[in-house]
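So the chains spell out like this:
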Amino acid sequence: ITAIVGAFSETFDRLSEAHFLDMGLPPIFSTVTWFGLIQIVISLISILFIQRLQQRLDVNQHYGVARTLLIFNTLLMLCVILFGLAGNLMLAFAFYAASVVLRSLKDPLSKAWLNQNLESSSRATVFSMNNQMDAIGQLSGGPILGLVAKAFSISIAFVIAGLFLLPASLIYLKTLSWKKDL
């Protein structure tokens, strides 16, 4: 899952601003100001959602965390695809913001899910391996989708990046067939 998400994230992180620039930001502010304002708004939204999630989800229960990760990953996949296909700036911002918020919710949950049932003697090794898989995903997926963006369009690269998340959703779905009390 981490390698899959790494391949997606490299594209999303590197090409999002270019996608906004291709659409043309209104000249009310400078480009730097626009991107700063976008990040401030998204950060505030993320804080609100993280607080709600903390109140509602027991991160020690495999089934609840896996189900939530499945939902978030699937929504993220859809939002990234729609961000790539968005024809106007407001729609693009809405899908971009939703994608960033979903990632901010998903990342700590993924770590909690990974941490479930780990013995303390292997925890550092597992987390190190997880980070290496992220790097492998970024190194393998990023350049490929960068070439797609250059050869075809940034929009197509986002659609493919979103589709990269489909196998991760299928893996989360598979884990839901495990015992609910793991």
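Residues numbered from 1 in each chain as written. Predicted model: local features only at pLDDT ≥ 70, side-chain atom pairs only at ≥ 80, totals over all residues. Heavy atoms only, no water.

Peer 1: When you look at the nonpolar core in this model, what are you seeing that I'm missing?
Peer 2: Here is a general trend for soluble globular proteins: nonpolar side chains tend to be buried in one another's company. Membership of the largest hydrophobic core comes to 45 residues, with the highest contact counts inside it found for Phe-8, Phe-12 and Tyr-96. Elements with a minimum of two residues in this core: helix 1 (2–23), helix 2 (31–56), helix 3 (62–85), helix 4 (89–115), helix 5 (120–151), helix 6 (154–164) and helix 7 (166–175). The leading source of residues in this core is helix 3, at eleven residues. (Core = buried A, V, L, I, M, F, W, Y, C linked by side-chain atoms within 4.5 Å. Buried < 20%, exposed > 50% of the residue type's maximum accessible area, 1.4 Å probe, protein only. Helix = DSSP H or I, 4+ residues; strand = E, 2+ residues; numbered from the N terminus.)

Peer 1: Any chance you could explain the pattern of salt bridges here in plain terms?
Peer 2: Any two side chains of opposite charge can pair, on the condition that their charged atoms come close. Taken as a whole, this structure holds two salt bridges when the rule is applied. Notably, a salt bridge pairs Glu-10 with Arg-14, separated by 3.1 Å at the nearest N-O pair. With Glu-10 and Arg-14 both in helix 1, this residue pair falls four residues apart, about one helical turn. Judged by relative accessible area, Glu-10 falls into the buried class, the value being 16%. Of the residues examined, Arg-14 reaches a relative accessible area of 56% and is grouped as exposed. A salt bridge links Arg-103 to Asp-13, with the nearest nitrogen and oxygen atoms 2.7 Å apart. Linking Arg-103 in helix 4 with Asp-13 in helix 1, this pair joins segments that are 90 residues apart in sequence. (Salt bridge = Lys/Arg side-chain N within 4 Å of Asp/Glu carboxyl O.)

Peer 1: Would you explain the environment of Ser-140 in this entry?
Peer 2: Structurally, the position occupied by Ser-140 is in helix 5. For Ser-140, a relative accessible area of 38% corresponds to the partly exposed category. Separated by 136 residues in the primary sequence, Ser-140 and Ile-4 place their C-alpha atoms 9.7 Å from one another.

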